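Letter by letter, the chains look like this.
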Amino acid sequence: MECEWKPDEQGLQQILQLLKESQSPDTSTQRSVQQRLEQLNQYPDFNNYLIFVLTKLKSEDEPTRSLSGLILKNNVKAHYQNFPNGVSDFIKSECLQNIGDSSPLIRATVGILITTIASKGELQNWPELLPKLCLLLDSEDYNTCEGAFGALQKICEDSAEILDSDMLDRPLNIMIPKFLQFFKHNSPKIRSHAIACVNQFIISRTQALMLHIDPFIENLFALATDEEPEVRKNVCRALVMLLEVRMDRLLPHMHNIVEYMLQRTQDHDENVALEACEFWLTLAEQPVCKEVLCGHLAQLTPVLVNGMKYSEIDIILLKGDIEEDEAIPDNEQDIRPRFHRSRTVAQQHEGDGIEEQEDEDDELDDDDDTISDWNLRKCSAAALDVLANVFRDDLLLHILPLLKELLFHPEWVVKESGILVLGAIAEGCMQGMIPYLPELIPHLIQCLSDKKALVRSITCWTLSRYAHWVVSQPPDIYLKPLMTELLKRILDSNKRVQEAACSAFATLEEEACTELVPYLAFILDTLVFAFSKYQHKNLLILYDAIGTLADSVGHHLNKPEYIQMLMPPLIQKWNQLKDEDKDLFPLLECLSSVATALQSGFLPYCEPVYQRCVNLVQKTLAQAMLHQSQPDQYEAPDKDFMIVALDLLSGLAEGLGGTIEQLVARSNILTLMYQCMQDKMPEVRQSSFALLGDLTKACFQHVKPCIADFMPILGTNLNPELISVCNNATWAIGEISIQMGPEMQPYIAMVLHQLVEIINRPNTPKTLLENTAITIGRLGYVCPQEVAPMLQQFIRPWCTSLRNIRDNEEKDSAFRGICTMISVNPGGVVQDFIFFCDAVASWVNPKDDLRDMFYKILHGFKNQVGEENWRRFSDQFPMPLKERLATFYGV
């Protein structure tokens, strides 16, 4: 055994001095401490000093000792593979000897250190760790038992997968039965650790736990009313997870579990109540929800509604007593990072103006996002929302009597919760609510001017949940008063209300679309005034409201007086922002919508905006290259800048069409796109393919010389695992083929097989199927000889995916392609002719020459098979199809 390592006194003092300084609030002191720590990392035994301070130097105060351990933990994370053997062995043995330190803080720090070493792949190289910790659980000394359990809990959290793999000889077969024994331990802290350890293995359905599932559940029931909140919380958490993975085992006890969870959702400890409330959220997703809960709705509804009131703590944290704060600048930490959703090209469908967005952005998180994000109020509201979707109007029976009392309650906190309830049930109970809306909506519009800011802000949100109904009524009755009041709230003197009103207004814009055109001057007045009034965070939401307005009213925005109001403040912001400012994201998104709406009206602003976008792309690419060649010297760029810039360039190309030609001619955008199309980040490729398609439509003369370079890249990006990349690449290929005509021939082989494979894949998203079908049709239109031989392999999914999209240019060229291919290879369509008939019938009014093509093919087929066979064939048609074909094509 080598002799025990001893610190050098002078070195020790130096390190203690550093640890003391690092606790100073002064940032420059902290920076110099950081640098000195980095330098010390060059000495192999620096880490020995750190563990020594943590475990041996009992004369020091606990925060300093713990800090020493946390610095060591960071070193383990960053450099463990470079620790000499002597050092790592010393650290490991010190950890195991001191896991039972008398100070809870030191025990916890040692535990964190152990799990960090374990997760650096060291569970395999530290075989004595788990047996030793399990052994220490049996110690008579409480501190040792608690410390070992604390460390095991952290290891179970960090390394659950490895623990349940063959790499370690299946330690869980011993550990899980051992943990179960401790559910009955007399110390609440130990009981709590034991459940927390086992809980890590529920979701993954770990075999070792599944073998003991019944004793586990029995033990949970035994602890159901434990006096320790932490234990009750872990019991609730376990039951919520078991609901997802072992419903079969809970079902026999379901009545009692529901009764228990009803009590726990009202637990006086908010953390327990929150954990229990998750149960309703999870249960709502299970098919058995309806039968399990229908008998309990009468008890559950008031419990959830009651949980939706702000607690006193919430109100303090939300500064609910401060009514006017518009002049107070925002705290930069409170501004959440925004994620840009890259452009995806999609088709319009029959009967809807805009594609429904799959992501519900009006979820229940709009009201109080600054409190610790998830709390009982939000969880109760979310649970009510999902249960309303399950039970629909059956839930209303229990809610309506409560609502009457809440909505007109004199105490603002109660009234506020009633308004939240009304918003939460909007989606699920809409049908049943309709009779009450004519009196409720005016009441809510009145609440928009309540004297409490928190009432005004929640009312904005709830009204936005009923926007769809409001817009379906004559505009003067509800839309106009609602809009008038919401615009006042956009200019509220309270920042939370401004934010809620802006978000609600954006939802109203999406629903109302062109209904807003008569009020445009009035709306723009308000939004432009808000520019001068808003602090940082709400400005970002204001951009969104302006962008949504442009999307909703489209070319109606293109009037000189509107442009005069809107563009100067936007351009002023645009000029103020530096290239590395993340606020460019929402502003660029907003300008992209505005450019698309204004079209020619955007021309005067186009050049500087175009130039800057090209520069952003160029800068980002250059930075990425530097980072790749010298990662130590240069940090990686934030590629979102490039993605948003590419998307705005797409917006310009789409809005300005051919007039963008001179700008493209004078810039190196195509060279930059060639690099972007090969970027390793999928979102960059996705946006560059969208831009390629838009430039192909706008000014193909500049794109054409690059086609030979671009096509192979497009071919390699037809990978349906990355849906949006694949979708945009597919769309771009279709646009290129229309421009290339017969010259597309050399490139067909690069893409056709992948496209046919995608259209035949099960579970391919609708948008991708439609774009793939259109592109196959377009390729067949320009190069029928190359594509027609494969007709039989795609005709059926081709027809079914295009029958639901609207008549438009893209559908037109695709169907011309299919008709041309049928004339080249009629045998390819014979077996699936009924699908072709159905697709033809989906046209409302095709152009005359396309209608002729359809006519020739239908009659050609009928003459080919003869009157008798045709009658037998057309008898399989559903009635509407038969009638349409008879009326339009006389077959």
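Here the structure is a predicted model, which is why all the values come from computation and not from measurement.

Procedures and definitions
Residues numbered from 1 in each chain as written. Predicted model: local features only at pLDDT ≥ 70, side-chain atom pairs only at ≥ 80, totals over all residues. Heavy atoms only, no water. Helix = DSSP H or I, 4+ residues; strand = E, 2+ residues; numbered from the N terminus. Expected span 1.5 Å × (residues − 1). Contact = heavy atoms within 4.5 Å. Salt bridge = Lys/Arg side-chain N within 4 Å of Asp/Glu carboxyl O. Buried < 20%, exposed > 50% of the residue type's maximum accessible area, 1.4 Å probe, protein only. Patch = residues over 30% accessible without salt bridge, like charges linked within 9 Å, V, L, I, M, F, W, Y side chains within 5 Å. Areas by Shrake-Rupley, 256 points an atom, 1.4 Å probe, with all protein chains shown as cover. Lys, Arg positive; Asp, Glu negative; His and termini not counted. Charge placed at Lys NZ, Arg CZ, Asp CG, Glu CD. Phe/Tyr/Trp six-rings, centres within 6.5 Å; stacked < 30°, edge-to-face > 60°. Core = buried A, V, L, I, M, F, W, Y, C linked by side-chain atoms within 4.5 Å. Axes fitted to C-alpha atoms, helices over the stretch in contact; angles between N-to-C directions. Parallel < 35°, antiparallel > 145°, perpendicular 65-115°, else oblique. Left-handed = near helix turned anticlockwise from the far one by under 90°. Nonpolar A, V, L, I, M, F, W, Y, C, P; charged D, E, K, R; others polar. Disulfide = S-S within 2.5 Å. Polar contact = N/O pair within 3.5 Å; in protein donor to acceptor, adjacent residues only side chain to side chain. pLDDT = per-residue confidence, 0-100.

Look at helix H2 (residues 27–40): 20 Å from first C-alpha to last across 14 residues, which is about the 20 Å you get at 1.5 Å a residue. Considering only its buried residues, H2 is in contact with helix H1 (9–21), helix H3 (46–55) and helix H4 (62–79).

Here we come to the pattern of salt bridges. All told, the structure shown has 37 salt bridges when counted by the stated rule. Between Arg107 and Glu146 there is a salt bridge, with its nearest N and O atoms 2.7 Å apart. Placement of Arg107 in helix H6 (residues 104–125) and of Glu146 in helix H8 (residues 142–158) is noted, with a sequence separation of 39 residues between them. Taking the relative accessible area as the measure of exposure, Arg107 reaches 6% and is therefore buried. A relative accessible area of 7% means that Glu146 is categorised as buried. A salt bridge links Arg489 to Asp492; the nearest nitrogen and oxygen atoms lie 2.8 Å apart. For the residue pair Arg489 and Asp492, the accessibility class agrees, reading buried in each case. Connected via shared salt-bridge partners are Asp214, Arg246, Asp248 and Arg249.

Here we take up a negative patch on the surface. Negative charge collects at one region of the surface, where Glu510, Glu511, Asp544 and Asp551 lie side by side. Breaking the negative patch down by element, the ones donating at least two residues are helix H29 (495–512) and helix H31 (536–553). Position of Asp544 relative to the elements: it lies in helix H31. On the basis of relative accessible area, Asp544 is assigned to the partly exposed category, the value being 39%.

What the rule picks out here adds up to 24 aromatic pairs. Measuring from ring centre to ring centre gives 5.5 Å for Phe815 and Trp843, while their planes differ by 85°; the resulting arrangement is edge-to-face. Highlighted residues: Phe815 in helix H46 (residues 809–824) and Trp843 in the loop between helix H47 (833–841) and helix H48 (848–865), separated in sequence by 28 residues. Using a relative accessible area of 0% as the deciding quantity, one classes Phe815 as buried.

Trp280 and Phe602 are the most contacted members of the largest nonpolar core, which totals 313 residues. Per-element tally for this core: the top contributor is helix H35 (residues 640–656), with eleven residues. Excluding its chain neighbours within four sequence positions, the residues that come into contact with Trp280 are Val258, Met261, Leu262, Thr265, Leu293, Leu300, Leu304, Ala383 and Leu387. Ile315, Leu318, Val413 and Leu454 belong to the second largest nonpolar core, which has five residues in total.

Take the environment of Leu448 next. With respect to the secondary-structure elements, Leu448 resides in the loop between helix H25 (437–447) and helix H26 (453–465). The exposure class of Leu448 is buried, given its relative accessible area of 0%. For Leu448 and Lys488, which are 40 residues apart along the polypeptide, the C-alpha to C-alpha distance reads 9.1 Å. Beyond its immediate stretch of four places on either side in the chain, Leu448 contacts Arg456, Thr459, Cys460, Leu463, Leu482, Glu485, Leu486 and Arg489.

When two helices pack together, their arrangement is given by the angle between their axes and by how far apart the axes lie. Close contact between helix H30 (residues 520–533) and H31 brings their axes to 10 Å; oriented N to C, the two are set at 160°. By the angle between their directions, the pair H30 and H31 is classed as roughly antiparallel. Read as a crossing pair, H30 and H31 show a hand that is left-handed. Along the contact surface, H30 presents Leu520, Ile523, Leu524, Leu527, Ala530 and Phe531, while H31 presents Leu539, Leu542, Tyr543, Ile546, Leu549 and Val553. The residue makeup of the contact of H30 with H31, split by class, is twelve nonpolar, no polar and no charged.

Note on placement: Lys6 falls in the segment before H1. Take Lys6: its relative accessible area is 61%, and that puts it in the exposed class. As a C-alpha pair, Lys6 and Gly828 span 822 residues in sequence and 85 Å in three-dimensional space.

Counted at 1.5 Å a residue, the expected span for H26 with its 13 residues is 18 Å, and the 19 Å between its end C-alpha atoms agrees. Of all 13 residues in H26, 13 are buried; the element is thus mostly enclosed.

Turning our eyes to something else, we now look at the state of the cysteines. Evaluated as defined, the whole model comprises zero disulfides. Cysteine Cys294 is unpaired, with the sulfur of Cys289 as its nearest cysteine sulfur at 9.3 Å. The thiol of Cys726 is not disulfide-bonded; the next cysteine sulfur, from Cys676, is found 19 Å away. A residue is classified by how much of its surface remains accessible, and Cys726, at 0% relative accessible area, is buried.

Right, let's talk about unusual backbone geometry for a bit. Even without a glycine there, the phi angle at Arg205 is positive, about 50°. Arg205 sits in the partly exposed class, given a relative accessible area of 47%. The residue Cys513 is not glycine, and still its phi comes out positive at about 45°. On the basis of relative accessible area, Cys513 is assigned to the partly exposed category, the value being 22%.

As a further point, take the packing of H46 against H47. Contact geometry for H46 and H47: axes closest at 12 Å, N-to-C directions at 145°. The crossing of H46 and H47 is left-handed. Mapping the contact onto sequence places Phe815, Ile818, Cys819 and Ile822 in H46 and Phe836, Ala839 and Val840 in H47. Taken together, the residues that form the contact of H46 with H47 break down as seven nonpolar, no polar and no charged.

Examined against the element boundaries, His296 turns out to sit in the loop between helix H18 (289–293) and helix H19 (297–307). By relative accessible area, which is 5% here, His296 ends up buried. Among the polar contacts listed, one links the side chain of His296 to the side chain of Glu259, at a separation of 3.3 Å.

Turning our eyes to something else, we now look at the confidence of the model for the protein. For residues with low pLDDT, the predicted coordinates do not support detailed interpretation. In this model, the protein carries an average pLDDT of 88, and 95% of its residues clear a pLDDT of 70 or more. Taken as a whole, residues 351–372 scores under 50 in pLDDT and shows 47 contacts with residues more than four places along the chain or in a different chain.

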